[in-house]
Protein chains: 2
Amino acid sequence: MTAKTVLIVDDEASIREMIAVALEMADYRVLEADNAQAAHAMVVDDQPDLLLLDWMMPGTSGIELARRLKRDTATAELPIILLTAKSEEDNKIQGLEAGADDYITKPFSPRELVARLKAVLRRATPTGVEETVEIDGLRLDPVSHRVSANGEALDVGPTEYRLLQFFMTHQERAYTRSQLLDQVWGGNVYVEERTVDVHIRRLRKALGDDHQHLIQTVRGTGYRFSTKE
Amino acid sequence: MTAKTVLIVDDEASIREMIAVALEMADYRVLEADNAQAAHAMVVDDQPDLLLLDWMMPGTSGIELARRLKRDTATAELPIILLTAKSEEDNKIQGLEAGADDYITKPFSPRELVARLKAVLRRATPTGVEETVEIDGLRLDPVSHRVSANGEALDVGPTEYRLLQFFMTHQERAYTRSQLLDQVWGGNVYVEERTVDVHIRRLRKALGDDHQHLIQTVRGTGYRFSTKE
DNA sequence: CGCTAATGTGACGATTTCGTGACACCCGGC
DNA sequence: GCCGGGTGTCACGAAATCGTCACATTAGCG
């Protein structure tokens, strides 16, 4: 799973720091901004997956930023969690009406924060379209998460599964190891290129004699999935 | 799926309006009533699928209406979500005892409302549609709320029951822990993902050696219910 | 036919994921 | 208050998976 990015917007550096530490321990990427203008720019540029927004800030208030983001279709889907002090509880109505997805009152435990953040992300992330692919008797079904050859189930590991899925939906084209690492492993991972070879090997083995010819090595370049010779 | 009908009961027109807009955007049919008497009539006449009920209303209170509806077998199955102000939190117990299926404190975001409404509708036993499921000698009877294997009764807790019911009505599909939390626990809970594992474990144990193979773990993803393999 | 670079392959330790038992907590019933 | 079932969380170990290496094999070239 690729790490989600969270943008923390608060004018107090100490609070940002505390939250950042908690989130980083929970494996989130963290961005910070100390005012609404900077935050808005970062939302546009860095496209975080979630916004942690302080209610009270000098200049443009948090709620104003929330309202603005929700009005713009490009950013309307961005989940927002508002942070407020206990005494400001009355403002909750405005906050949620402005489009916030959740609302946390200070003080809060890091753990609570992470939990609610997870919940919001879970609700916000739409499940992609999944179609089963079948090629030459080889079938991959994303719904049941199974791979079968001529009806017989094959045992493939998670990485081999993703690799095969990528190949089956991108046939007839050669990919370099680097491209495969990007597409299958997901962008920013540091892994040896030769690791791809090993997983290709494992996938071929799993496919068995009947189908391993589908994965062809393109010498000097990388690999290709193809039914043709 | 035919659109579900939701009856909103609140004496403040502005609140009804806000909710109505949110629900219509989410593809629900919406009915409105501003007092308990009218609401009762509409429940009988229009048979909505769910009731959104304000706690505080002039005349017959929301809770009184809820109690009344739950007493009548004709309307007892109707899911009810209570709306209350934060300060009335203490009354939560009474609300749930009166038969409400969920409980939302104002203010709330439209998104939250829709999420919990979905969850309630999902969990709610849609009157009449409940059929007993039997798979591979394993039988789940929603009417008596019992599970049996080859005629022998099994002892499963409430959560395990819902989990099993969900699985039996959604075979051959791999679900992530997140999805299971959404579907079985309801989208608004903040629970660790690993908790799913524990309940899977409890369910497997309850199913016994004969049937625990039906619940399969999909490494790196989650779980699946299937007779195959 | 040798040589070299690229790829195949088996093994291995490190890491991740999952299963499992224990435990603390909540809440309703007694 | 005490008890007991139900629930969520944790810690630990087992198992699967991953990334890397060393070495074998192969393809392409002169």
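From a predicted model like this one, the values you see are computed outputs, not experimental measurements. (Residues numbered from 1 in each chain as written. Chains lettered and ligands numbered in written order. Predicted model: local features only at pLDDT ≥ 70, side-chain atom pairs only at ≥ 80, totals over all residues. Heavy atoms only, no water.)

A.B. asks: Can you walk me through the overall build of chain A in this structure?
C.D. replies: Regarding its fold elements, chain A presents eight helices and 12 strands. Per-residue burial over chain A gives 46% buried out of 229 residues. Considering only contacts in chain A between residues 6 or more positions apart, those separated by 24 or more positions represent 53%. Within the structure as shown, chain A displays about 12,000 Å² of accessible surface, and the carbon and sulfur contribution to it stands at 47%. (Helix = DSSP H or I, 4+ residues; strand = E, 2+ residues; numbered from the N terminus. Buried < 20%, exposed > 50% of the residue type's maximum accessible area, 1.4 Å probe, protein only. Contact = heavy atoms within 4.5 Å. Areas by Shrake-Rupley, 256 points an atom, 1.4 Å probe, with all protein chains shown as cover.)

A.B. asks: How should I be thinking about the protein's contact with DNA strand C in this particular structure?
C.D. replies: Surveying the vicinity of DNA strand C reveals 25 residues, the closest of which are Arg-201 and Thr-217 of chain A together with Arg-201, Thr-217 and Tyr-223 of chain B. Sugar and phosphate atoms represent 63% of those atoms of DNA strand C found within 4 Å of the protein. Within the side chain of Arg-219 of chain B, one N or O atom sits 3.2 Å away from a sugar or linking oxygen of DNA strand C. Within the backbone of Gly-220 of chain B, a nitrogen or oxygen atom sits 2.8 Å from a phosphate oxygen of DNA strand C. Within the residue set of the surface near DNA strand C, elements represented by two or more residues are α8 (194-211) and β11 (215-218) of chain A together with α8 (194-211) and β11 (215-218) of chain B. Residues belonging to the surface near DNA strand C are distributed by class as follows: four nonpolar, six polar and 15 charged. (Near = heavy atom within 4 Å. Polar contact = N/O pair within 3.5 Å; in protein donor to acceptor, adjacent residues only side chain to side chain. Nonpolar A, V, L, I, M, F, W, Y, C, P; charged D, E, K, R; others polar.)

A.B. asks: I keep staring at the sheet that holds strand β12 (residues 222-225) of chain B and nothing clicks. Help me out?
C.D. replies: The strands making up a sheet associate through hydrogen bonds between their backbones, and the pairing can be parallel or antiparallel. Residue and element names in this part refer to chain B. Spatially, three strands are ordered β10-β12-β11 in an open sheet, and the strand pairing comes out antiparallel. Of all strands in the sheet, those bounded by a partner on one side alone are β10 (174-176) and β11. Sheet twist, expressed as the mean angle between neighbouring strand axes with direction ignored, is 30 degrees. Sheet analysis places β10 next to β12, joined by three bridges and oriented antiparallel. Residue pairing for β12: Thr-176 is matched across the bridge by Gly-222. Here helix α6 (residues 158-168) sits on the sheet in contact with β10 and β12, set at roughly 65 degrees to β12. Against the sheet, helix α7 (residues 177-185) contacts β10 and β12, and its axis sits at roughly 90 degrees relative to β10. (Pairing = 2+ DSSP bridges. Axes fitted to C-alpha atoms, helices over the stretch in contact; angles between N-to-C directions.)

A.B. asks: Please clarify how the UniProt feature "modified residue: 4-aspartylphosphate" (unreviewed entry) in chain A should be interpreted in this entry.
C.D. replies: Mapped onto this numbering, the UniProt entry gives "modified residue: 4-aspartylphosphate" (unreviewed entry) at Asp-54 of chain A. Mapped onto the fold, Asp-54 of chain A is located in strand β3 (residues 50-54). (UniProt positions renumbered as here; feature names shortened; annotations may be inferred.)

A.B. asks: Help me understand the side chain of Thr-159 of chain A in this model?
C.D. replies: Residues and elements named next belong to chain A. Relative to the elements of secondary structure, Thr-159 occurs in helix α6 (residues 158-168). Since its relative accessible area comes to 17%, Thr-159 is described here as buried. Those residues in contact with Thr-159 that sit more than four places away from it in its chain are Val-184, Trp-185 and His-199.

A.B. asks: Help me understand α6 of chain B, please; the structure alone is not making it clear to me.
C.D. replies: Structural remark: α-helix, 3.6 residues per turn; residues separated by three or four positions point the same way. Counting buried residues in α6 of chain B gives eight out of 11 residues, a clear majority hidden from the surface. Where α6 of chain B is concerned, the buried positions are Thr-159, Glu-160, Tyr-161, Leu-163, Leu-164, Phe-166, Phe-167 and Met-168 of chain B.

A.B. asks: I would appreciate a short explanation of the nonpolar core in the present structure.
C.D. replies: One broad trend across soluble globular proteins is that nonpolar side chains are buried collectively. Judged by nonpolar contacts, the single largest core of 28 residues is most densely connected at Leu-138, Leu-164 and Phe-225 of chain B. Where this core is concerned, the elements lending two or more residues are β6 (133-135), β7 (138-141), β8 (146-149), α6, α7, α8 and β12 of chain B. When near neighbours in sequence (up to four residues on either side) are disregarded, Leu-138 of chain B contacts Val-133, Val-147, Ser-148, Ala-149, Leu-154, Leu-164, Met-168, Leu-207, His-211, Leu-214 and Phe-225 of chain B. Within the second largest apolar cluster, 26 residues are counted, among which are Val-133, Leu-180, Val-184 and Val-196 of chain A. (Core = buried A, V, L, I, M, F, W, Y, C linked by side-chain atoms within 4.5 Å.)

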